[in-house]
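# Architecture and fold: a report
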Amino acid sequence: MYKEHCSPKKDIMQIPKKEVKARILNAAKAEFLNYGFKGTSMRNISKIAQISTSNIYNYYTNKNELLKDVLKPLMNKFKEIQTNHNAPEFLNLEVFESPEYKNTHIELFVDLICTYKEELKLLLFHSYGSDYENFRETFSDNQVKIGKEYLKLLKINHPDININIPDFFMHTFSSWIFGTIGELVFHDVSEKELRVILDNYFTFTIAGWNKLIENSN
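What this report covers is the structure whose coordinates are included nearby. These numbers come from a predicted model, not from an experiment.

## Things to note about the overall build of the chain
Across its full length, the chain carries 10 helices and zero strands. Mapped from its N terminus to its C terminus, the chain presents α and β elements in the order α-α-α-α-α-α-α-α-α-α. Whereas a compact globule of 217 residues would reach a radius of gyration of roughly 17 Å, the chain reaches 23 Å, over 25% beyond that. Summarising its shape, the C-alpha atoms of the chain cover approximately 100 × 30 × 30 Å along the three principal directions. Within the chain, the fraction of its 217 residues that count as buried is 41%. In the chain, 78% of the contacts between residues at least 6 apart in sequence involve partners at least 24 apart. If you sum the accessible surface of the chain, you get close to 13400 Å²; carbon and sulfur atoms cover 54% of it. Each charge class in the chain can be summarised by its mean position, and for the 27 positive and 28 negative side chains these summaries are 9 Å apart.

Written out as structure tokens, the structure is:
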């Protein structure tokens, strides 16, 4: 008598490494968002991903390393933003009056928030206990250095401007940016509202910086 054989269950060894890693990352992001970094266990990630815990450790040695990979696209975006901050096309006073300059920044932040909303929530509200828990301070400190360099470069083209802006003010301003982003992602503001709020934000801040650095004579 013919006996029908069921197809064997797909073994984990048959799953491409790229797919395994994607399943781990997706499960980890969901768990980090639900329970925070400290409340998430590799065992729960394993259950959600349907990947053995031992196999997860073949890819990541600990939770910090896993969180770092989850947030890697966002970190790359932040690096891109900071790298482009002092681009030559921004080193003139005309940008402070230019609608294109403001619109460029609005679109930049709309893209950041819409593309990385979950990663931003994770970074800003659920990373306590990880290597990223003080990221806002670290980013702001780095932004102060970039901002001071920007002002020095701007003064080469416009010698009469005032660049004696206190470091702590610049740090506070950078931190305020994160506070604004945090409010926007926490309240799940729609893209339409986002554009209006960011337009108001950049109208206010660009005018403020323009006033601060106006002719020092």
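## Notes on the packing of aromatic side chains
What describes a pair of aromatic rings is the distance from one ring centre to the other and the angle between the planes of the rings. Taken as a whole and assessed by the stated rule, the structure comprises 18 aromatic pairs. Measuring from centroid to centroid gives 5.1 Å for Trp 176 and Tyr 201, while their planes differ by 55°, and the two rings are tilted. Separated by 25 residues along the polypeptide, Trp 176 in helix α9 (residues 167-186) and Tyr 201 in helix α10 (residues 191-212) bring together distant segments of the chain. For Trp 176, a relative accessible area of 37% translates into the label partly exposed.

## Quick notes on the pattern of salt bridges
For the structure on display, the rule yields 12 salt bridges. For the salt bridge of Asp 167 with Lys 148, the shortest nitrogen-to-oxygen distance reads 3.3 Å. Placement of the pair is Asp 167 in helix α9 and Lys 148 in helix α8 (residues 135-157), with a sequence separation of 19 residues. Glu 191 is the salt-bridge partner of Arg 195, the closest N and O atoms lying 2.9 Å from each other. Here Glu 191 and Arg 195 lie together in helix α10, a separation of four residues that amounts to about one turn. Via salt bridges that share partners, Lys 29, Glu 118 and Glu 119 belong to a single interconnected network.

## Focus on unusual backbone geometry
The backbone of Gln 50 sits at a positive phi, close to 60°, despite the residue not being glycine. Examined against the element boundaries, Gln 50 turns out to sit in the loop between α2 (42-49) and α3 (53-59). A residue is classified by how much of its surface remains accessible, and Gln 50, at 64% relative accessible area, is exposed.

## Thoughts on the environment of Glu 65
Take Glu 65: it is sitting in helix α4 (residues 63-70). Given the relative accessible area of 31%, Glu 65 is considered partly exposed. Residues Glu 65 and Ser 130 lie 65 residues apart in sequence; the distance between their C-alpha atoms is 9.6 Å. If sequence neighbours within four positions are ignored, Glu 65 has contacts with Tyr 59 and Tyr 60. For Glu 65, the side chain forms a polar contact with the side chain of Thr 61, separated by 2.7 Å.

## Overview of the side chain of Thr 205
Checked against the element boundaries, Thr 205 lands in helix α10. For Thr 205, a relative accessible area of 6% gives the class buried.

## Considerations on α8
The end-to-end C-alpha distance of α8 is 33 Å, a good match for the 33 Å that 23 residues give at a rise of 1.5 Å each. Where α8 is concerned, the buried positions are Phe 135, Phe 139, Ser 140, Gln 143, Val 144, Ile 146, Gly 147, Tyr 150, Leu 151 and Leu 154.

## A closer look at α2
Looking only at α2, the buried set comprises Met 42, Ile 45, Ser 46 and Ala 49. For α2, the angular spread of buried residues about the axis comes to 105°, placing them on one side. Looking at α2, the residues exposed on the side facing more than 90 degrees away from the buried face are Arg 43, Lys 47 and Ile 48. Buried residues along α2 sit in contact with α1 (17-39), α3 and α4.

## Some points on the side chain of Lys 102
By secondary structure assignment, the location of Lys 102 is in helix α6 (residues 99-115). Within the structure, the side chain of Lys 102 is placed 3.2 Å from the side chain of Asp 199, a separation counted as a polar contact. Dropping the residues within four chain positions of it, Lys 102 is found in contact with Asp 199, Phe 202, Thr 203 and Ile 206.

About the cut-offs
Residues numbered from 1 in each chain as written. Predicted model: local features only at pLDDT ≥ 70, side-chain atom pairs only at ≥ 80, totals over all residues. Heavy atoms only, no water. Helix = DSSP H or I, 4+ residues; strand = E, 2+ residues; numbered from the N terminus. Rg over C-alpha atoms; globule rule 2.2 N^0.38 Å. Buried < 20%, exposed > 50% of the residue type's maximum accessible area, 1.4 Å probe, protein only. Contact = heavy atoms within 4.5 Å. Areas by Shrake-Rupley, 256 points an atom, 1.4 Å probe, with all protein chains shown as cover. Lys, Arg positive; Asp, Glu negative; His and termini not counted. Charge placed at Lys NZ, Arg CZ, Asp CG, Glu CD. Phe/Tyr/Trp six-rings, centres within 6.5 Å; stacked < 30°, edge-to-face > 60°. Salt bridge = Lys/Arg side-chain N within 4 Å of Asp/Glu carboxyl O. Polar contact = N/O pair within 3.5 Å; in protein donor to acceptor, adjacent residues only side chain to side chain. Expected span 1.5 Å × (residues − 1). Arc of directions from axis to C-beta.

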